[in-house]
Amino acid sequence: MMSESNMPTTVDGDTDTIHVSVPATSANLGSGFDSFGLALDRRDHVTFTLGDVGDSSIEVEISGEGDRSLPRDERNLIVRTFLDTSEELGLPRRSLKMVANNRIPQARGMGSSAEAIVTATAAAKAFAQDRASSLDREFVFARAARIEGHPDNVAPAVYGGLTVSWQYRQDGRISDAAASDGRRIDPAVADLRASGSGAGMSRIVEGFHTVNYLVSPEISAYVFVPDFSLSTSKARKSLPDSIPYADAVFNISRAGLLPAAMESAGGDNSNELLFYATQDRLHQSYRADLMPQSSGLMHSLRAHGLAAMISGAGPCVIVLHYGEIGQELKQLAGEQLESGHWVLLNLPIDSQGVRVTRD
């Protein structure tokens, strides 16, 4: 079963302070390169306080992840995105105090950059809306995906759960052109609308789109987090310009299984189906030399029949499994964990996405 998420986030109160909370995310999930994403319940919390109009001063406090490395001025991704989005929305420049409590590891493949962009965009939109309005998630998704350049982490950060995202143009081609709108539609009717058929149907909307799929509550997510990082841009540069036709077919068949595998369609064989659905030939092997420890851990876990994969661009390794296997994972990855260079997190699947409250 497939259903779009439409869970409103109420923005209430009439003060100048807004609190935003965004979950970690894991993109790709093996076969679903640049399209699938999953929200995980490990959140960054950021508070925005606006002061006098015309005062352009900025004060930034950061604790937790990135407290020693993230900038505390307009170079900060959250600050920069907030200011740009506020200007686009027509908000006057005011003094800004931002307090961030970061729990999402930076540059590890858990969506920290998407979280920053979603946080800032949601805060700016919340300040621009009437206090009784629900947060405009469609706006947040569209603008954040445009800034990030791809929607796979942005979508679960905004909507929660398991998401599948794509970009559409009227000529049917995918491009890196900025999206003009983020309204979500069923792709099954895209060609019909674009051809001019289908009387009474609304026009096709160019830009980024996403849908949610159900996730079984029986699935457990485990993330191995290393003490080294890898930039997404460097990981992308390792990918080839073209791939064998057979590899494309291989991944299409596995990605088609993934939503069913995440909804326990396999019954007693759900973990077997999850293993098949997370197989990949498009990206992980090409990036292995950039993170040999992660690649080795992933392959060793898959050799035991576990649905292990690189989380996003890496170097985190995520394992999805029906039922609890924490102790088994600690035994299988004992050498890595005992080295002190890895930690293992057991994270629930997040179903809410971005949350906004106003004092």
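Keep in mind the model is a prediction, meaning the values are calculated, not measured. (Residues numbered from 1 in each chain as written. Predicted model: local features only at pLDDT ≥ 70, side-chain atom pairs only at ≥ 80, totals over all residues. Heavy atoms only, no water.)

## Brief notes about the nonpolar core
1) Next: Val20, Phe48, Phe82, Val118 and Val354 are the most contacted members of the largest nonpolar core, which has 39 residues in total.
2) Next: Of all elements in the fold, only strand E1 (17-27), strand E2 (36-53), strand E3 (58-64), helix H1 (77-88), strand E4 (94-102), helix H2 (112-128), helix H3 (137-148) and helix H4 (154-159) reach the threshold of two or more residues within this core.
3) Next: It is H2 that provides the largest number of residues to this core, a total of ten residues.
4) Next: Grouped together as the second largest cluster of nonpolar side chains are 29 residues, Val164, Ala261, Met262 and Leu274 included. (Core = buried A, V, L, I, M, F, W, Y, C linked by side-chain atoms within 4.5 Å. Buried < 20%, exposed > 50% of the residue type's maximum accessible area, 1.4 Å probe, protein only. Helix = DSSP H or I, 4+ residues; strand = E, 2+ residues; numbered from the N terminus.)

## As for the sheet that holds strand E8 (residues 307-310)
1) Next: Ordered in space as E8-E9-E7-E10, the four strands form an open sheet in which the pairing is antiparallel. Looking at strand neighbours, the two that pair on one side only are E8 and strand E10 (342-347), the edges of this open sheet. When the angles between neighbouring strand axes are averaged without regard to direction, this sheet yields 20°.
2) Next: In the sheet, strand E7 (residues 219-226) pairs with E10 via six bridges, with the strands oriented antiparallel. Bridging across to E10, Pro226 finds its partner in Trp342.
3) Next: Contacts from helix H8 (residues 270-277) reach E8 and strand E9 (317-322) within the one sheet, and its direction differs from that of E9 by about 150°.
4) Next: The sheet strands contacting helix H10 (residues 292-302) are E7, E8, E9 and E10, and the helix crosses E8 at an angle near 165°. (Pairing = 2+ DSSP bridges. Axes fitted to C-alpha atoms, helices over the stretch in contact; angles between N-to-C directions. Contact = heavy atoms within 4.5 Å.)

## Digging into the side chain of Asn102
1) Next: For Asn102, the position within the fold is in strand E4.
2) Next: Among residues more than four places away in sequence, those in contact with Asn102 are Asp44, Ile62, Ser63, Gly64, Glu65 and Leu70.

## Re the packing of aromatic side chains
1) Next: Within this structure, the stated rule accounts for five aromatic pairs.
2) Next: When the ring of Phe48 is compared with that of Phe82, the centres are 5.1 Å apart and the planes differ by 25°; the resulting orientation is stacked. Remark: Phe82 occurs in helix H1 and Phe48 occurs in strand E2; sequence separation between them is 34 residues.
3) Next: Since its relative accessible area comes to 2%, Phe82 is described here as buried.
4) Next: Between Phe82 and Phe127, the aromatic rings sit 6.0 Å apart at their centres with planes inclined by 75°, giving edge-to-face as the arrangement. Taken as a pair, Phe82 in helix H1 and Phe127 in helix H2 lie far apart in primary sequence, 45 residues in all. (Phe/Tyr/Trp six-rings, centres within 6.5 Å; stacked < 30°, edge-to-face > 60°.)

## Structural notes on the pattern of salt bridges
1) Next: Under the definition given, this model contains ten salt bridges.
2) Next: One salt bridge in this structure joins Arg94 and Asp16, with 3.0 Å as the shortest N-O distance. Of this pair, Arg94 sits in strand E4 while Asp16 is found in the segment before E1, placing the two residues 78 residues apart along the sequence.
3) Next: Notably, a salt bridge pairs Arg146 with Glu88, separated by 3.3 Å at the nearest N-O pair. Within this pair, whereas Arg146 is found in helix H3, its partner Glu88 is found in helix H1, the two being separated by 58 residues in sequence. (Salt bridge = Lys/Arg side-chain N within 4 Å of Asp/Glu carboxyl O.)

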